[in-house]
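Analysis of the macromolecular model
Single-letter residue listing:
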There are 2 protein chains.
Amino acid sequence: MTLLGLQIKRLKADSLDFDAQLSQALAWDGIADKSIESNVQDIIKSVREKGDSAVIHFTQKFDHLSVNSMAELKLSKDYLRQALKNISPVQKDALELAARRIRLYHQRQSQESWIYQESDGSVFGQKITPMDRVGLYIPGGKASYPSTVLMDAIPAQVAGVPELIAVLPTPKGQCNDLVLAALAITGVDEVYTIGGAQAVAALAYGTETIKAVDKIVGPGNVYVAAAKKAVYGQVGIDMVAGPSEILVICDGKTNPDWIAMDLFSQAEHDEQAQSILLCPNPNYIDAVVDSMNKLLPEMERRDIICASLNSRGFLVDVTSLEQAAEISNRIAPEHLELSVEEPDKVLSLLRHAGAIFMGRHTSEALGDYCAGPSHVLPTSGTARFSSALGVYDFQKRTSLINCSPATAKALAKTTSVLARSEGLTAHARAAELRDPSWPDGL
Amino acid sequence: MTLLGLQIKRLKADSLDFDAQLSQALAWDGIADKSIESNVQDIIKSVREKGDSAVIHFTQKFDHLSVNSMAELKLSKDYLRQALKNISPVQKDALELAARRIRLYHQRQSQESWIYQESDGSVFGQKITPMDRVGLYIPGGKASYPSTVLMDAIPAQVAGVPELIAVLPTPKGQCNDLVLAALAITGVDEVYTIGGAQAVAALAYGTETIKAVDKIVGPGNVYVAAAKKAVYGQVGIDMVAGPSEILVICDGKTNPDWIAMDLFSQAEHDEQAQSILLCPNPNYIDAVVDSMNKLLPEMERRDIICASLNSRGFLVDVTSLEQAAEISNRIAPEHLELSVEEPDKVLSLLRHAGAIFMGRHTSEALGDYCAGPSHVLPTSGTARFSSALGVYDFQKRTSLINCSPATAKALAKTTSVLARSEGLTAHARAAELRDPSWPDGL
């Protein structure tokens, strides 16, 4: 299959310059284009100043829709329900099964408020409350994924968020029935066919028609990512997502076709996606390359797969599974497959990953659709410090402090010393006033 | 006290234009100055390109330190321990008591990994791991707070973060012994006397001397806030903090001096700080104003208090405690005091707040120093979507999926249908290959 030209990089973990090679293979520099940031700032400013009319203007301009009012951009619940009839019963069943499993998993994430009492009656605790209103960004066009609707909306619903509003661009009026069906199944409260930075700005600041939300979640193109970063602070956001990646640790005993296809499934997303295989058996890596060459011609998205593997993919000869785990920790992959005999053993060595797929039968693709956990995961190494989207992303924790007079008195002394050391006398006085033994206490 | 000119706004919640008045009173527009953002971008770029030498250059320039190496900017553990001897025993005891209480509260926040098994042996779960390395930004100069060291470092330690690095600017060499003592008490691993955007950039990207961190927490001036927002995505950050605020809901039966001082304690932070009182008894609001006028002349920071209260503070006549709770939910205050007879009753009506101080004896100041919960709280209404800094901010949740062959087969069908609907054939094939009943399965 030399015509397709699959030329995937191969590294050796015990070579002297492996660290440098790895850094180079992983390099990716976020939103590098300053002009995108500046365009996005202009769009946000315009939406803040002109509200609905700016949203309509940009939707005409970027999505080529001839609309003149926000009403034309709103999809009714009836319209969504109709989409449920337009898809096949098999598709409907698949969406419903996926929704059910996603709901079941996320119910395990529920957090409870808690309090504890000290011996003198003082109470300390943490109150959990859902956000009031969340915006879901649903990508349109070629990357229009009904699964993302389920993965974003259901954790928010399990968290108890009472109002969900979805935005999805429909360039030239194109709209995916499965996406609408997924919106119908989740029962999202409002849906607008808007997208891009204008939709993010409308959600963050509100317009005459759209009430501002507390948080915006969901993936999008670079404009959407830049807009989300720009409005972060005004509202919460889930993450600034970079390209998606998979890292497979294999002991060399899985059917090589399976691993080849798992690497393809990541690579087919887009040219920036990254597929990585770590294996202690060099012959097995060769076998996976053979499988890739054999299977590639059958793939519908072979051009994207080939481009992605050639530019971003790499295969690593490691000396042991322990070394593989160490390298994986350095990469902190979004998706991590443990295609090994005893995945629990490797798991104990792992510190950073978005989601871990354990055992030879657990292909990463199951997690993308229906296993249960959200497929919205930290990309590009951000699993070092962030987590899968979950129920906790839609809830807040409020600290509770209720001091008895005795505790207030005891803490007044400490507060007074520290506040006065910081030059904050009113803080000290506020505490002292509650202590009757202080000269001017009550 | 007309010389000091305390002129605090008073609103009536049942007036027709209350909503507009409230919006105006709350308006605050983040980092509005574009030149700050652009300066910060230049500093970050320079640190990424030139590493240590850029950090040294900016420290010379902005902090007026005549240093020529990173070694001169590092504080040894011995140096920190010496600070513990320089402070008074009373101060040392106060820091240690505060540290102990903060640790005890945060130990209650520990999250546990969990798994559950489905009937066919498939396992799903969530693994909790701490971050590897966290950077603490400690402000220097006039807002140099030892309490912040404790409030940032201890939750990270309870979370299990093995490496903590602190940065604190020492303009013209000025350094606060209490801050150093707090660093000694927490046992932070490395301390550098650097600050501003250059310190944030060094922590985010690393230099020859400073190893990059996974997350940066801690307050700072507008340059630090802009730098944290700029590096967000490369590393995690706690929040982009705005001005601090307190909202007091009082039933009119607390000693008015206490409430006046609580409002002062917020106002004394800086001119942008916001103090708000909601009360159903107009005569009591008058009494608090009288107390403020009486107490203001004694305050060391009376000029800041007066400027803050006049420009940002306001008092609201409400018709009931229920209405007060509703208004408070709209404001989503950082600090919320329930100075009422039955704080639990009002608590049940509250949805958004950083921390809630319940009962007449619980002055907010106790929470700033030693009650236990972190004083790093969401400001400027961001409690709508974010939470007090806590143990969970230093841990990540990784989803675990381990499918039995039977589950893999069942989910392969759903995955195949949905993946093919999305045009992602490699995803479908990866799942199908694991299903022996599929034509070309194993």
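Look a little higher up for the structure.
Throughout what follows, the structure given in this document is the object of discussion.

1. Some details on the overall build of chain A
Helix and strand counts for chain A come out as 17 helices and 15 strands. By its C-alpha atoms, chain A is 90 × 60 × 45 Å across when sized along the principal axes. In chain A, buried positions account for 61% of the 442 residues. Of the contacts formed within chain A by residues at least 6 apart in sequence, a portion of 73% connects residues at least 24 apart. Per element, the accessible surface of chain A, about 16,100 Å² overall, is 51% carbon and sulfur.

2. Here we look at the environment of Val191(B)
All names here are of chain B. Within the secondary structure, valine 191 sits in strand 7 (residues 190-192). Take valine 191: its relative accessible area is 1%, and that puts it in the buried class. The sequence separation of valine 191 and arginine 103 amounts to 88 residues, and the corresponding C-alpha distance is 21 Å. When near neighbours in sequence (up to four residues on either side) are disregarded, valine 191 contacts Leu73, Lys74, Leu75, Leu80, Ala166, Leu168 and Leu183.

3. Notes on the pattern of salt bridges
Two side chains carrying opposite charge are able to pair once their charged atoms lie near each other. All chains considered together, the criterion is met by 47 salt bridges over all chains. As a salt-bridge pair, Arg434(A) and Glu337(B) come within 3.9 Å of each other at their nearest N and O atoms. Taken together, the positions of Arg434(A) in the segment after helix 17 (425-433) and Glu337(B) in strand 13 (residues 335-339) put the pair across two chains. Taking the shortest distance from any N to any O, the salt bridge between Glu432(B) and Arg420(B) comes out at 3.0 Å. With a gap of 12 residues between them, Glu432(B) in helix 17 (residues 425-433) and Arg420(B) in helix 16 (residues 405-421) connect regions that are remote in the sequence.

4. Focus: the interface of chain B and chain A
Facing the 122 residues of chain B at the interface are 122 residues of chain A. Between chain B and chain A, the buried area comes to about 10,600 Å², and carbon and sulfur atoms account for 57% of it. Counting across the chain B and chain A interface gives 10 salt bridges. Asp132(B) is the partner of Arg351(A) in a salt bridge, and the nearest nitrogen-oxygen pair spans 2.9 Å. Where chain B touches chain A, the interface holds 72 residue pairs in polar contact (both at pLDDT 80 or more). With 10 residues, helix 16 of chain B is the largest single contributor of residues to the side of chain B that touches chain A. Counted by class, the side of chain B that touches chain A contains 61 nonpolar, 34 polar and 27 charged residues. Relative to strand 15 (residues 395-402) of chain B, strand 14 (residues 355-358) of chain A is paired through three bridges, and the arrangement is parallel. Its bridge partner being in strand 15 of chain B, Ile356(A) is matched across the sheet by Leu400(B).

5. As for the pairing of strand 14 (residues 355-358) of chain B
Residues and elements named next belong to chain B. On strand 14, burial covers both faces: Ala355 and Phe357 on one face and Ile356 and Met358 on the other are all buried. Relative to strand 14, strand 13 runs parallel, the two being bridged by four bridges. Among the inter-strand pairings, glutamate 337 is bridged to a residue of strand 14, identified as phenylalanine 357.

6. Quick notes on helix 3 (residues 52-63) of chain B
All names here are of chain B. Taking 1.5 Å of rise per residue, 12 residues should cover 16 Å, and helix 3 covers 16 Å from first to last C-alpha, within 8% of that figure. Residues of helix 3 that are buried: Asp52, Ala54, Val55, Ile56, Phe58, Thr59 and Asp63. Against helix 2 (34-50) and helix 8 (196-205) lie the buried residues of helix 3.

7. Quick look at the packing of aromatic side chains
Aromatic ring pairs: the centre-centre distance and the angle between the two ring planes describe each pair. Counted under the stated rule, the structure contains 11 aromatic pairs over all chains. Residues Phe58(A) and Phe62(A) carry aromatic rings whose centres are separated by 5.9 Å and whose planes lie at 5° to one another, so their mutual orientation is stacked. You can see Phe58(A) and its partner Phe62(A) sitting in helix 3 (residues 52-63), four residues apart, about one turn around the helix. Judged by its relative accessible area of 39%, Phe62(A) is partly exposed. Aromatic pair Tyr232(A) and Tyr232(B): ring centres 4.4 Å apart, planes at 15°, arrangement stacked. Here Tyr232(A), found in the loop between helix 9 (222-231) and strand 9 (236-237), pairs with Tyr232(B), found in the loop between helix 9 (222-231) and strand 9 (236-237), and the two come from separate chains. Pair check on accessibility: Tyr232(A) and Tyr232(B) agree, each one buried. Three or more aromatic residues link up through ring pairs in this structure, and these residues are Tyr105(A), Trp114(B), Tyr116(B) and Phe124(B). Looking at Arg108(A), its charged tip hangs above the ring of Tyr116(B), at a distance of 3.7 Å from the centre.

8. As for the packing of helix 2 of chain B against helix 3 of chain B
Residue and element names in this part refer to chain B. At a closest axis distance of 6 Å, the pairing of helix 2 and helix 3 adopts a crossing angle of 140°. Classed by the angle they form, the pair helix 2 and helix 3 counts as oblique. Counted together, Ile43, Ser46, Val47 and Lys50 of helix 2 and Asp52, Ser53, Ala54, Val55, Phe58 and Phe62 of helix 3 form the full contact between these two elements. Tallied by class, the residues present in the contact of helix 2 with helix 3 amount to six nonpolar, two polar and two charged.

9. Focus on the relation of the copies chain B and chain A
You can overlay chain B on chain A at an RMSD of 0.0 Å; the transform is a turn of 180° with a shift of 0.0 Å along its axis. Read as a symmetry element, the transformation amounts to a two-fold axis. Scanning chain B for the C-alpha nearest the rotation axis identifies Lys229(B), at a separation of 4.2 Å.

10. Quick word on the sheet that holds strand 7 of chain B
All names here are of chain B. With respect to topology, six strands assemble into an open sheet ordered 2-7-6-5-8-9, the strand pairing being mixed. For this open sheet the edge positions go to strand 2 (74-75) and strand 9, each flanked by a neighbour on one side alone. Pairing analysis gives two bridges linking strand 8 (residues 215-217) to strand 9, with the strands arranged parallel. For isoleucine 216, the partnering residue across the bridge sits in strand 9 and is isoleucine 237.

11. What to know about the sheet that holds strand 7 (residues 190-192) of chain A
Here six strands make up an open sheet; going across it, the order is 2-7-6-5-8-9 (chain A) and the pairing mixed. Either end of the sheet is taken by a strand with one partner, and the two such strands are strand 2 (74-75) and strand 9 of chain A.

12. Examining the environment of Asn281(A)
Position of Asn281(A) among the secondary structure elements: in the loop between strand 11 (274-279) and helix 11 (282-295). Judged by relative accessible area, Asn281(A) falls into the partly exposed class, the value being 27%.

13. Overview of the environment of Gly51(A)
Residue and element names in this part refer to chain A. Mapped onto the elements of the fold, glycine 51 is located in the loop between helix 2 (34-50) and helix 3. Accessibility expressed as a relative area gives 6% for glycine 51, which makes it buried. Sequence-wise, glycine 51 and alanine 241 are 190 residues apart; in three dimensions their C-alpha atoms are separated by 27 Å. With near-sequence residues (within four places) excluded, glycine 51 lies in contact with Ser46, Thr207 and Glu208.

14. Things to note about helix 4 (residues 77-86) of chain A
Residue and element names in this part refer to chain A. Burial in helix 4 covers these residues: Leu80, Ala83 and Leu84. Viewed end-on, helix 4 has its buried residues packed into an arc of 105°, placing them on one side of the element. Facing away from the buried surface of helix 4 by more than 90 degrees, the exposed residues are Asp78 and Lys85.

15. Some details on unusual backbone geometry
All names here are of chain A. Its identity is not glycine, yet histidine 64 carries a phi of approximately 55°, on the positive side. Mapping histidine 64 onto the fold places it in the loop between helix 3 and strand 2. In this structure histidine 64 comes out as exposed when scored by relative accessible area, which is 51%.

Rules used in this analysis
- Residues numbered from 1 in each chain as written.
- Chains lettered and ligands numbered in written order.
- Predicted model: local features only at pLDDT ≥ 70, side-chain atom pairs only at ≥ 80, totals over all residues.
- Heavy atoms only, no water.
- Helix = DSSP H or I, 4+ residues; strand = E, 2+ residues; numbered from the N terminus.
- Buried < 20%, exposed > 50% of the residue type's maximum accessible area, 1.4 Å probe, protein only.
- Contact = heavy atoms within 4.5 Å.
- Areas by Shrake-Rupley, 256 points an atom, 1.4 Å probe, with all protein chains shown as cover.
- Salt bridge = Lys/Arg side-chain N within 4 Å of Asp/Glu carboxyl O.
- Buried area = accessible area lost by both parts, 1.4 Å probe.
- Polar contact = N/O pair within 3.5 Å; in protein donor to acceptor, adjacent residues only side chain to side chain.
- Nonpolar A, V, L, I, M, F, W, Y, C, P; charged D, E, K, R; others polar.
- Pairing = 2+ DSSP bridges.
- Expected span 1.5 Å × (residues − 1).
- Phe/Tyr/Trp six-rings, centres within 6.5 Å; stacked < 30°, edge-to-face > 60°.
- Lys NZ or Arg CZ within 6 Å of the ring centre and 35° of its normal.
- Axes fitted to C-alpha atoms, helices over the stretch in contact; angles between N-to-C directions.
- Parallel < 35°, antiparallel > 145°, perpendicular 65-115°, else oblique.
- Least-squares fit on C-alpha atoms with pLDDT ≥ 70 in both.
- Arc of directions from axis to C-beta.

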